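Residue strings, one per chain:
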Amino acid sequence: MSRFGIGWIAAWAPLVTLGIACVASSSPSSLPFSQGPMSLTLPIARMPHTLNPLNIRNAQVVRFIFDGLTRLDPTTGAPIPALAESWQIDPGGKVYTFRIRSDVLWSNRRPFGPEDVLFTLDRLVLSEDIRNPYRELLRVPAPGGGGFPSLERVSETEIRLTLPAPFPPLLRALSYIPILPKHRLEADLAQGMIHLSWRMSDSVREVVGTGPFILDDIDPGREVRLRRNPYYWERDEDGSRLPRLDRIVYRVVRDPVQALLDGEIDLLVADSHRIDEIRPHARRSSIDLLEAGPLGEATFLVFRHRPTSLGRLFARKKFRQAISHAIDRHQMVETIFGGLGRVQRSPISKANPYFHHDEVRTYPFDPVLAMRGLDEIGAKDRDRDGVRETPDGQPLSFDILVSISTNHTFDIALQIEANLRAIGIRARSRPIAPDRLFDAIQSGQWDAIVHTIPEAIDPQLLSRIWASDASMHYWNPSQSEPATPWEAEIDQIFRDARRELDDEKRRKLYRRFQEIAAEEVPLIFTTQRAPIIAVRSRVQNVEPAAIGVLHNITRILVSQ
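Note that the coordinates shown come from a computational prediction; the quantities given were computed from them, not determined experimentally.

As a further point, take the environment of R139. Take R139: it is sitting in the loop between α1 (114–125) and β7 (150–153). Looking at R139, the relative accessible area reads 28%, which means it is partly exposed. Spatially, the C-alpha atom of R139 lies 7.8 Å from that of P149, the residues being 10 residues apart in sequence.

What follows concerns the sheet that holds strand β17 (residues 426–432). Spatial strand order, β17-β16-β18-β14-β19: 5 strands in an open sheet with mixed pairing. The open sheet has two free edges, formed respectively by β17 and β19 (523–525), since each of these has just one partner strand. On average, each strand axis in the sheet is tilted by 30 degrees relative to the strand beside it, whichever way the strands run. Pairing of strand β14 (residues 297–303) with strand β18 (residues 448–454), which is carried by 7 bridges, proceeds in the antiparallel orientation. Bridged to F300 within β18 is H451. Against the sheet, helix α10 (residues 407–421) makes contact with β14, β16 (397–403), β17 and β18, and its axis sits at roughly 165 degrees relative to β17, the strand it touches most.

Here we take up the environment of R244. Structurally, R244 is set in the loop between β10 (223–228) and β11 (247–252). R244 sits in the partly exposed class, given a relative accessible area of 27%. In this structure, the C-alpha to C-alpha distance between R244 and I556, residues 312 residues apart in sequence, is 6.4 Å. Beyond its immediate stretch of four places on either side in the chain, R244 contacts M38, D236, E237, N541, T554, R555, I556 and L557.

Within this structure, the stated rule accounts for 38 salt bridges. The partner of R538 in a salt bridge is D266, and the shortest N-O contact between them spans 2.9 Å. Taken together, the residues R538 in the loop between β21 (532–536) and β22 (539–540) and D266 in the loop between α4 (256–261) and β12 (267–270) connect sequence positions 272 residues apart. One salt-bridge network, in which partners are shared between bridges, spans K317, R320, R361, E519 and E520.

Our focus in this paragraph is the packing of aromatic side chains. Counted under the stated rule, the structure contains 20 aromatic pairs. Each ring, one from F314 and one from F319, has its centre 5.3 Å from the other, and the planes form 35 degrees; the classification is tilted. The buried category is assigned to F314, whose relative accessible area is 0%. Between F355 and Y510 the ring centres are 5.4 Å apart and the planes differ by 85 degrees, which places this aromatic pair in the edge-to-face class.

What counts and what doesn't
Residues numbered from 1 in each chain as written. Predicted model: local features only at pLDDT ≥ 70, side-chain atom pairs only at ≥ 80, totals over all residues. Heavy atoms only, no water. Helix = DSSP H or I, 4+ residues; strand = E, 2+ residues; numbered from the N terminus. Buried < 20%, exposed > 50% of the residue type's maximum accessible area, 1.4 Å probe, protein only. Pairing = 2+ DSSP bridges. Axes fitted to C-alpha atoms, helices over the stretch in contact; angles between N-to-C directions. Contact = heavy atoms within 4.5 Å. Salt bridge = Lys/Arg side-chain N within 4 Å of Asp/Glu carboxyl O. Phe/Tyr/Trp six-rings, centres within 6.5 Å; stacked < 30°, edge-to-face > 60°.

And the structure:
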């Protein structure tokens, strides 16, 4: 697990995980499509040091070279077939049998089969000796510590995963894990050289995948070029082989906005201050702007419940509800994100539409109501010095720790500080390095934190924060028994959801979880970024969804 307990995210995530609504686009039928090669050029900040998915932090360049066993439906986020054409789950929820597609070739025309899946999952991803970003995705929580799946081949076309306990997130987790070629990498594994495979200095012909594109050429320091995989397995509705694009070019650019305006790149995801630079030139430069929905991340304020004067106050629900009313989230959206953001109210956001529950208790900005709530629980300014006191007379004054790794998180902390001062609470934002923030969280010696974490790919993974015995249960971690009835109820919800394989029943459980979280507000959620996508009008069929901007890369076209 990563240091913040979120190893289930990351390296294989889409370019941007967000929901999009189209603001302006051209009709595909109104533009003539090129009869020559169709190329899409995308920006990258720097050249990758490797094309090996096991040894890469940013998978932007290689994510279209490989496929997983499953993929996510762009509308619901539900798992659907990819390299596995189907699967069966035993009634106990611990045995998954996958039927592997028999019509797939590697990009060098070698047959793809179950042995590649077993090689990738069993010998690479699950190996204790090979550090990689995917192993934690397959960790199955269970009483006694849980564990990982065991794998076996059961026929010429089937493999079986046996889990130590039911684990409903498995199918979603598998969508993030790229399947790699046994015939290319087995020798490197035997020699202990697997992390040196597919370095940028290696021959481009060494990189082999089953995805829609394959590595074509590398211009060191400038570009990575992919070309259409002629043996890609997926076809469109009329039986034509996908993808439709001939080429994807990843170009290193210093200023992506200027590169877009100059026609050097075709698409850019940008926050408000950069979009303001594009907007005046958009029509003249034939650029369409797509309004983004929320990013797959959560920023929240959390208070530590401990046996101190402040800690006992923080543990009171009415205090947390009052603080939630004191925070002006809409001002955050306007001033921090330039209007390109969304208010977040639930631990499962709109970036996960299948499980998100919108009908939960909300806390509109209302300083008067916030002050009244504080007065009711005895947190008053008795000495008239402008700072409230706790019920036992201690100043209501504390530091808010915040990581310096992201500017917007610190800006959110500063606004929370200002909002709290306006109702008589002396809060001080204290930026610290990410590692030091982790150390502070683990020590328990803190009062308040503003933190941004990635959204979970499946709500069950939120138990790593919300389960009362979890070490990342920020406000009162590692409890031997739930400290409150509502925490006990959340524990039971996650236990029930872990055993439940019916997604509709799981949705009902997670709806109740979100209702409790909104009522008790141990994490006071704030806002999510919602960037704008700027794309050249000649690029057609860009249909961003909750799972990513270019989830439908195989169907994108480029006009002349």
